[in-house]
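Notes for the structure review
Each chain is listed here by its residues.
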Amino acid sequence: MGTLGRKRELLERGRFKYNFERMIYFNRDARMAFSVEFIEDHDPEELERYIGENSAAKDWCFHFNEQPSDSVKRELVNDLA
């Protein structure tokens, strides 16, 4: 299995879903989202470590190469809630 396949498997196992409009993978239960660019730019081991982070916090955790502005974060939270 190639790197892309391994990353996809990690996301599926972590119950992340893809949002076509936003081009992000997200998990509502974990309150975590990854941009496609972030996933492409990090190796599977790093991605697995991020997926395994404890996200029991009330706020969403966004893993993007460049952090979105507060207004974009609010839009994402509203879209994903």
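Residues numbered from 1 in each chain as written. Predicted model: local features only at pLDDT ≥ 70, side-chain atom pairs only at ≥ 80, totals over all residues. Heavy atoms only, no water.

Notes on the packing of aromatic side chains
Tallied over the entire structure, the rule returns 7 aromatic pairs. With centroids separated by 4.7 Å and ring planes inclined at 90°, the aromatic side chains of Tyr-18 and Phe-20 adopt a geometry described as edge-to-face. When its relative accessible area of 27% is taken as the criterion, Tyr-18 is described as partly exposed. Here the aromatic rings of Phe-62 and Phe-64 are separated by 5.8 Å at their centres, their planes lie at 70°, and the arrangement is edge-to-face. With respect to burial, Phe-62 and Phe-64 carry one shared label: buried. The lysine or arginine in question, Arg-49, covers the ring of Tyr-50, its NZ or CZ lying 5.8 Å from the ring centre. (Phe/Tyr/Trp six-rings, centres within 6.5 Å; stacked < 30°, edge-to-face > 60°. Buried < 20%, exposed > 50% of the residue type's maximum accessible area, 1.4 Å probe, protein only. Lys NZ or Arg CZ within 6 Å of the ring centre and 35° of its normal.)

Considering the pairing of strand E2 (residues 24-27)
Of the pairings in the sheet, the one linking strand E1 (residues 17-19) to E2 comprises 3 bridges and is antiparallel in character. Bridge pairing in E2 places Lys-17 opposite Phe-26. What sits between the antiparallel neighbours E1 and E2 is a turn of 4 residues, in which Met-23 has the positive phi angle 55°. Looking at chain direction, E2 and strand E3 (residues 32-35) are connected through 4 bridges and run antiparallel. Looking at E3, one finds that Phe-26 is bridged to Ala-33. (Pairing = 2+ DSSP bridges. Helix = DSSP H or I, 4+ residues; strand = E, 2+ residues; numbered from the N terminus.)

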